Amino acid sequence: MSLLEVNDLCVRYDAGDKQVHAVDGVTFNVDHGETYGLVGESGCGKTTLAKSLIHLLDSNGYVESGEIWFDGTLPEWEDENGNARQEIIDDDRYPVRADGKTDLAKLDNQQIRDVRWRDIALIPQSAMNALNPVYKVGDQITEAILRHEPGTPVAEADERARDLIERVGIEPDRADDYAHQFSGGMKQRAVIAMAMACNPDLLIADEPTTALDVIIQDRILEELEALQDEFNVAILVVSHDISVMAEICDQLAVMYGGKMMESGPMGEVLNNAANPYTLGLKNSFPTVEEEQQELISIPGSPPTLLDPNDGCRFAPRCPFVVDECHSAHPPGYDVEQAEGGRRTEAGSPDMHRSACYRIDDLETMRTDAQKEETWHQNTTQTH
Ligand SMILES: Nc1ncnc2c1ncn2[C@@H]1O[C@H](COP(=O)(O)OP(=O)(O)OP(=O)(O)O)[C@@H](O)[C@H]1O
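This is a predicted model, so every value here is computed, not measured.

**Student:** Lay out the environment of Ile 359 with the relevant residues and their values.
**Tutor:** Relative to the helices and strands, Ile 359 resides in the loop between β12 (353–354) and α12 (362–369). Judged by local crowding, Ile 359 falls into the buried class, with 24 C-beta atoms found within 10 Å. Remark: the alpha-carbon pair of Ile 359 and Thr 344, spanning 15 residues in sequence, is separated by 9.3 Å. Not counting the four nearest positions on each side in its chain, Ile 359 is found in contact with Ala 274, Tyr 333, Ala 338, Arg 343 and Ser 354.

See the structure below:
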């Protein structure tokens, strides 16, 4: 059973008399212990999607519609074994399903606070600045444990904090240091340790390695994987960097303009890309294997998402655009079927899916997408 099941989620920001459609009709599942990646250019809605799950949006942001089913529930709705009580499941006033999952979108502020840290923890973007400069690093982790598990004896919380610090590769004695005594990589590790303080089932990591050099980046990714193996924590990782995703993800979703353009098992999405946007994104990133690879950018810029038109979000920049693309944003099509020339909607969000009307012409798109002239000659005709 999946840990997280997001159905048709739409998130908006109020912007004067208009709205920013930052996340639009997004559906995906994350399994226990798996790493799910959200990749895409800046502004495509990755952070908004991640933060909306635990109600950490800016004050003008809100979930307009959709469901966020999470395999866990509030302590007061559980029996002694930690399962949702039957009378809570049966009572329509509670957003709890027969399989014990809770719809996080329906929780109020107080309720979602009980889920944060204990069940789902966030490593925010620019996490290195998340440490408080006036408290010792170890004390900040102890404090997080005590705040979310109030019955814990202080000595035990201290011990756990030091243990976590050690697990992320920092000498436990450094727990008595202040953040300014830590390097960038150590600060990032300390924030990861803090996020793991209450042993959550899901860790949301927003650009966990962006400000770090490549060597430290690798180590942080290794440490995240080690924590995952040890604690079976699922990780929802947000990054603009395909190479980070290729290192750690099991499943990958490519976002553009608030939509999921392509998703599925990571190897499938990256090696067998089936969406013009993914093909374009891959062209613009260097790969380790191809030393002489020519990088090709996608001309144009991402949409503003202010009251967007109907139609595929990528259509204005897509060299493969046809009339149908302007009718409505395409649904997620089954890529395996498309390999055989059939255009069939995907039956499950875990399958390799691509939102593109041209999916039945996949081979042509894959071949043409590798050519520079495809991207840099045809764009004017698409507007
Ligand atoms: N508080 C806000 N008010 C209005 N619009 C916002 C707000 N926060 C984000 N947006 C807009 O929502 C869209 C999605 O932004 P978001 O930060 O989720 O994208 P992202 O892919 O995570 O980008 P980045 O990697 O730069 O953070 C963008 O168009 C952005 O300008």
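Next comes the rest of the account.
**Student:** Account for the UniProt feature "domain: ABC transporter" (unreviewed entry) in the protein, with residues named and values stated.
**Tutor:** Look at the UniProt record and you will see "domain: ABC transporter" (unreviewed entry) annotated at residues 4–282. Counted over residues 4–282, helix gives 34% and strand 25%. Its end C-alpha atoms are 28 Å apart.

**Student:** Now, about the site of the ligand: what can you tell me, with residues and values included?
**Tutor:** The ligand sits among 17 residues. The nearest are Tyr 13, Ser 42, Thr 47, Thr 48 and Asp 58. Going through the elements one at a time, β1 (2–15), β2 (18–31) and α1 (46–53) are the ones with two or more residues in the shell around the ligand. Sort the elements by how many residues they give to the shell around the ligand and α1 lands first, with 3 residues. Residue composition of the shell around the ligand, by class: 6 nonpolar, 9 polar and 2 charged.

**Student:** Would you mind going over the sheet that holds β1 in detail, with residue names and values included?
**Tutor:** If you trace the 4 strands from one edge of the open sheet to the other, you get β2-β1-β4-β5, paired in antiparallel fashion. Sheet topology places β2 and β5 (102–103) at the edges, where each strand pairs with a single neighbour. Here 10 bridges tie β1 to β2, and the two strands are oriented antiparallel to one another. Within the sheet, the bridge partner assigned to Glu 5 lies in β2 and is Asn 29.

**Student:** I'd like a rundown of the pairing of strand β6 (residues 120–123), residues and numbers included.
**Tutor:** Burial along β6 is two-sided: the face carrying Ile 120 and Leu 122 and the face carrying Ala 121 and Ile 123 are both buried. As paired strands, β6 and strand β7 (residues 202–206) are joined by 4 bridges and run parallel to one another. When the sheet's bridge partners are listed, Ala 121 is paired in β7 with Leu 203.

**Student:** Describe the pairing of β7, and please don't skip the residues or the numbers.
**Tutor:** Summarising burial for β7: 5 of the 5 residues are buried, a large majority. Side chains Leu 202, Ile 204 and Asp 206 of β7 all project onto a buried face; the interleaved residues Leu 203 and Ala 205 project onto the opposite face, where all are buried too. In this sheet, strand β8 (residues 234–239) lies alongside β7 in parallel orientation, the contact comprising 5 bridges. Following the sheet pairing, Leu 203 is matched in β8 by Ile 235. Crossover connection from β7 via helix α7 (residues 214–231) to parallel β8: handedness right-handed.

**Student:** Which residues make up unusual backbone geometry, and what values do they have?
**Tutor:** Its identity is not glycine, yet Asp 8 carries a phi of approximately 50°, on the positive side. Judged by local crowding, Asp 8 falls into the exposed class, with 11 C-beta atoms found within 10 Å. Unusually for a residue other than glycine, Asp 307 sits at a positive phi of about 35°.

Basis of the calculations
- Residues numbered from 1 in each chain as written.
- Predicted model: local features only at pLDDT ≥ 70, side-chain atom pairs only at ≥ 80, totals over all residues.
- Helix = DSSP H or I, 4+ residues; strand = E, 2+ residues; numbered from the N terminus.
- Buried ≥ 20, exposed ≤ 12 C-beta atoms within 10 Å, placed from the backbone.
- Contact = placed C-beta atoms within 7 Å.
- UniProt positions renumbered as here; feature names shortened; annotations may be inferred.
- Near = placed C-beta within 6 Å.
- Nonpolar A, V, L, I, M, F, W, Y, C, P; charged D, E, K, R; others polar.
- Pairing = 2+ DSSP bridges.
- Right-handed = clockwise from strand over helix to strand, strands pointing away.

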